[in-house]
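# Structural description and commentary
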Amino acid sequence: MKTTTFTLTFITILLTLTVFAAQAQEGLKIQSVFEKYGKQKGATMVVLSGEALHDYRLDKYRSITIEYDKAILNDIQNCLQADKKQAREIKEVISNGIISSGYYQLPAKEDRIHRYILFKMAGDGTATLIYMEGGPESEALINRLFIKRK
Amino acid sequence: MTTDIHRLLDRYFQGGTTTEEEKTLRRFFAQENLPEEWHETAAIFRFLEDESTALKVLKEIQREEALPVRRTFRLKTIVTVAAAACALIALLLVLQPGKGSSSEAGSYVWVDGQRITDPAVVQRYAELSFDKVQTENNIITEQLQFMTE
C-alpha cells in the first residue's frame, strides 16, 4: 500500500515535470505571433505534428504567413529580437534596420530537442515565420532545406 | 513499626492494601541496612520496583517510536498534497486556451480564419510556407559577386 502510494506520487511528479518542460519549450516570444495572428483573416497558419513530420525528422512544425502592416511587423521584429538573444546560431539579413530574413538555431535542451526559428519577408507584403523542433538529426536537414537549390 | 510492616505485608499479599500503604512498603524496603529478617521480602519489592521502572522505560521507548511514524505520515501527506497541486497546475497549463490545447492536437492549417484538417491540403500549405523562408542565394556569395562586378 505504502509502495503504491509512493509510486503514484512519484509518477505524478514526473508527469508534472514533463508538462512543465513541454511548457518551457513553448516559452518563446514568437509563440505570441501564432496565437495573436494565426486565426485571423489574411493569415495562413500551419501546425504539423506526429506522422506528418516523420519524413522531416521533426517533432513540431508551426508556420504563419501573414500580410503585414507596420504594427504587425513591429510585433514580429520585437519577438525575433528577444528570442534571438538565446540563439546559438544566427543567419540573418537586416535591411534598413529590419530583419528581412533570419535563421536562428536555439540551444538544445537537456532532452536533446533542437529548436529553430525561420523568418522571411517577401516582396508581396507578406512575412513568413516558422518554428520547428526536432532531434539532433534535424539540424543537417534544416540547413540543407533552408538554402534553396537552384 | 515492625508490627505495622508485618500487618501491611499481610494485607499486601492478600491484595488489600491502598496505594498509600504500598508506597509506605516500597519506601521501607528501599532502605539500606535493613535487618536480616527483611532481606528476602526486600528482594521481592526491589524486583517489583525494577519491573515498574522497566515498564516505564518501555512505555517511553514505545512513545518515541510512535513519533517518527507520525512525522512520516505528515511528510507523506505533504508530498501527496504537493503532487496533487502540481498535477492541477499542470492540467491548467495544458488546458490553457490558445496554447495548443488537446482539442487542437494533430496537423491542421488555418486559412483566413478557417480550420482545415485534410492531410493533403495541410501538407501543401506546409511546403508552401517552407518555400517562403528559403533564401534565394547565399548572401555572402551575392555580396562578393557584387563587389567584383
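Remember, predicted model here, so these are calculated numbers, not experimental data. (Residues numbered from 1 in each chain as written. Chains lettered and ligands numbered in written order. Predicted model: local features only at pLDDT ≥ 70, side-chain atom pairs only at ≥ 80, totals over all residues.)

### As for the overall build of chain A
Broken down by element type, chain A carries four helices and six strands. Counting from the amino terminus, chain A carries its helices and strands in the arrangement α-α-β-β-α-β-β-β-β-α. Per-residue burial for chain A yields a buried fraction of 31% across its 150 residues. In chain A, of all internal contacts separated by at least 6 residues, the share reaching a separation of at least 24 is 50%. (Helix = DSSP H or I, 4+ residues; strand = E, 2+ residues; numbered from the N terminus. Buried ≥ 20, exposed ≤ 12 C-beta atoms within 10 Å, placed from the backbone. Contact = placed C-beta atoms within 7 Å.)

### What to know about the sheet that holds strand β4 (residues 98-106) of chain A
If you walk across this open sheet you meet the eight strands as β3(A)-β4(A)-β5(A)-β6(A)-β2(A)-β1(A)-β1(B)-β2(B), and the pairing is antiparallel. On the outer flanks of this sheet lie β3 (89-95) of chain A together with β2 (114-116) of chain B, each paired with one strand and no other. Put simply, the sheet's adjacent strands are angled 10° from each other on average, direction ignored. In the packing of helix α3 (residues 70-83) of chain A onto the sheet, the strands contacted are β2 (58-67), β4, β5 (114-121) and β6 (126-134) of chain A, and the crossing angle to β4 of chain A comes to about 35°. (Pairing = 2+ DSSP bridges. Axes fitted to C-alpha atoms, helices over the stretch in contact; angles between N-to-C directions.)

### Notes on the nonpolar core
Counting residues in each nonpolar core, the largest one holds 38 residues, and the members touching the most others are Met45, Ile64 and Leu129 of chain A. If we ignore the near neighbours within four places in the chain, the residues touching Met45 of chain A are Phe34, Gly38, Lys39, Ser63 and Ile64 of chain A together with Val109 and Trp110 of chain B. (Core = buried A, V, L, I, M, F, W, Y, C linked by C-beta atoms within 7 Å.)

### Quick look at α3 of chain A
Residues and elements named next belong to chain A. Spanning 14 residues, α3 covers 20 Å between terminal C-alpha atoms, matching the ideal 20 Å at 1.5 Å per step. Looking at α3, one finds that the buried residues are Ile76, Leu80 and Asp83. The buried residues of α3 occupy an angular sector of 70° when the element is viewed end-on, so they sit on one face. Exposed positions of α3 whose direction lies more than 90 degrees from the buried face are Lys70, Ala71, Asn74, Gln81 and Ala82. Taken together, the buried residues of α3 touch α2 (31-37), β4, β5 and β6. (Expected span 1.5 Å × (residues − 1). Arc of directions from axis to C-beta.)

### Notes on the packing of helix α1 (residues 2-13) of chain B against helix α2 (residues 19-29) of chain B
Residues and elements named next belong to chain B. Contact geometry of α1 with α2 gives a least axis separation of 10 Å together with a crossing angle of 120°. Here α1 is positioned oblique relative to α2, judged by the angle of their axes. As for how α1 packs across α2, the hand of that crossing is left-handed. Here Ile5, Leu8, Leu9 and Tyr12 of α1 lie close against α2, whose contacting residues are Glu21, Glu22, Thr24, Leu25 and Phe28. Class assignment for the residues of the contact of α1 with α2 results in six nonpolar, one polar and two charged. (Parallel < 35°, antiparallel > 145°, perpendicular 65-115°, else oblique. Left-handed = near helix turned anticlockwise from the far one by under 90°. Nonpolar A, V, L, I, M, F, W, Y, C, P; charged D, E, K, R; others polar.)

### Regarding helix α4 (residues 119-133) of chain B
Residue and element names in this part refer to chain B. For α4, spanning 15 residues, the distance from its first C-alpha to its last is 22 Å, which sits close to the expected 21 Å at 1.5 Å a residue. Taken residue by residue, α4 has Tyr125, Ala126, Ser129, Phe130, Lys132 and Val133 as its buried positions. Down the axis of α4, the sector holding all buried residues measures 155°, keeping them to one side. Those residues of α4 that are exposed and aimed more than 90 degrees away from the buried face are Ala120, Glu127 and Asp131.

### Thoughts on the pairing of β2 of chain A
If a strand is regular, its side chains alternate between the two faces of the sheet. Residues and elements named next belong to chain A. The buried count for β2 comes to seven of 10 residues, which makes it a mostly enclosed element. Examined bridge by bridge, strand β1 (residues 43-49) and β2 share seven bridges and lie antiparallel to one another. Paired with Ser49 across the strands is Lys60, a residue of β2. The pairing of β2 with β6 spans nine bridges and is classified as antiparallel. Its bridge partner lying in β6, Ile66 is registered against Ala127.

### Here's the deal with the environment of Met45 of chain A
All names here are of chain A. Residue position: Met45 is located in strand β1. Residue classification places Met45 among the buried positions, given that 25 C-beta atoms sit within 10 Å. Taking the C-alpha atoms as reference points, Met45 and Ile130, separated by 85 residues in sequence, lie 9.5 Å from one another.

### A word on the confidence of the model for chain B
Residue and element names in this part refer to chain B. When pLDDT is averaged along chain B, the result is 78, and 79% of the positions lie at 70 or above. Mean pLDDT across the elements of chain B ranges from a minimum in helix α5 (residues 139-148), with 69, to a maximum in strand β1 (residues 108-111), with 93. Within the model, the stretch residues 97-103 combines pLDDT values under 50 with four contacts to residues more than four positions away or in other chains. Interface confidence for the predicted complex, given as ipTM, is 0.75, next to a pTM of 0.57. (pLDDT = per-residue confidence, 0-100.)

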